[in-house]
Each structure stands twice: as C-alpha cells, then as structure tokens.
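# Report on the structure
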Amino acid sequence: MKRLVGTLCGIISAALFGLGGILAQPLLSEQVLTPQQIVLLRLLIGGAMLLLYRNLFFKQARKSTKNIWTHWRILTRIMIYGIAGLCTAQIAFFSAINYSNEQLQLSFSPLVRLFCLYLPR
C-alpha cells in the first residue's frame, strides 16, 4: 500500500511540476511577473501550505515546528538550503522558460537530473 501511495505522489508531483511551467509561461511572456517574483510566490505559498498541513494533521509535530524558529542552527540550515538550493534551481528553471519555452526546458531537465545523480557526493 505504501508503494502505491508513493507512486501516486510521484505521478501527481511530476504532473504539477509540468503544469507549473505551463502556467508560468503566459505570465512571463506578457511580462506580468519576473522569474524571481514567480519563485518567491511559489516558495512562500508552498511553505505556508506545508506548515499548515503539518500543524493540522500531525499534533505531535506542533511542538517541534515551534523549535525551528527558536534554534538558530536549524533556522540557518533551512535558510541556506532554501536560498542556495531551492531558489537558485527554480530561478534558473523559470529564467530558461522566460528566454525559451517550457517544452524545451522540460526536455533538458531529465538530462540534468541524470547528470546530478552521477556527481560525487
């Protein structure tokens, strides 16, 4: 059962990832939003939804969620990961969509992921 749920979550996340690029392309081509603004909105909304989900459905996690904001070491790691990892990758993705098109970017993203799998850890 866990394997089925994991597979379904993977399929849904892949579909939503592709949908995000398709929905962002008109905003970028009409110059309504910049890639940086889209990433900021996407990460803020996603982070708020994850915190809300965690606090609503996992009662034991409420106390540890509060600890994140009081321990500087944990907060620093989250900020570095968020800025250096998530923001950089998503700004690069949406900038590529801005300067080319979504189909071209999605065709290269599996190659980049395969390359990253073989990097030394």
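So, here is what we can say about the structure in this document. Note that the structure is predicted; figures quoted are calculated from it, not measured.

A word on the nonpolar core. Membership of the largest hydrophobic core is limited to 7 residues, which are Ala-24, Leu-28, Ile-38, Val-39, Phe-93, Phe-94 and Ile-97. At the level of secondary structure, the elements contributing two or more residues to this core comprise α1 (2–29), α2 (35–57) and α4 (72–99). It is α4 that provides the largest number of residues to this core, a total of 3 residues.

Another aspect to go through is the packing of aromatic side chains. Taken as a whole and assessed by the stated rule, the structure comprises 2 aromatic pairs. Aromatic pair Tyr-53 and Phe-57: ring centres 5.1 Å apart, planes at 50°, arrangement tilted. With Tyr-53 and Phe-57 both in helix α2 and 4 residues apart, the pair spans about one turn of that helix. For Tyr-53, a relative accessible area of 45% gives the class partly exposed. Taking relative accessible area as the criterion, Phe-57 reaches 59% and is therefore assigned exposed. On the numbers, 5.2 Å between centres and 75° between planes, the contact of Phe-93 with Phe-94 is edge-to-face. Of the two residues examined, Phe-93 and Phe-94, each falls in the buried class.

To continue, consider the packing of α1 against α2. Running from amino to carboxyl end, α1 crosses α2 at an angle of 140°, the nearest separation of the two axes being 11 Å. By the angle between their axes, α1 is oblique relative to α2. Handedness of the α1/α2 crossing: right-handed. When α1 is examined against α2, the residues Phe-17, Ala-24, Leu-27 and Leu-28 are found in contact with a partner set consisting of Pro-35, Ile-38 and Arg-42. Here the residues of the contact of α1 with α2 sort into 6 nonpolar, no polar and 1 charged.

Counting through the fold element by element, Ala-24 comes out in helix α1. Looking at Ala-24, the relative accessible area reads 4%, which means it is buried. Here the alpha-carbon distance between Ala-24 and Pro-35, two residues 11 residues apart in the chain, equals 8.8 Å. Those residues in contact with Ala-24 that sit more than four places away from it in its chain are Ile-38 and Phe-94.

About the cut-offs
Residues numbered from 1 in each chain as written. Predicted model: local features only at pLDDT ≥ 70, side-chain atom pairs only at ≥ 80, totals over all residues. Heavy atoms only, no water. Core = buried A, V, L, I, M, F, W, Y, C linked by side-chain atoms within 4.5 Å. Buried < 20%, exposed > 50% of the residue type's maximum accessible area, 1.4 Å probe, protein only. Helix = DSSP H or I, 4+ residues; strand = E, 2+ residues; numbered from the N terminus. Phe/Tyr/Trp six-rings, centres within 6.5 Å; stacked < 30°, edge-to-face > 60°. Axes fitted to C-alpha atoms, helices over the stretch in contact; angles between N-to-C directions. Parallel < 35°, antiparallel > 145°, perpendicular 65-115°, else oblique. Left-handed = near helix turned anticlockwise from the far one by under 90°. Contact = heavy atoms within 4.5 Å. Nonpolar A, V, L, I, M, F, W, Y, C, P; charged D, E, K, R; others polar.

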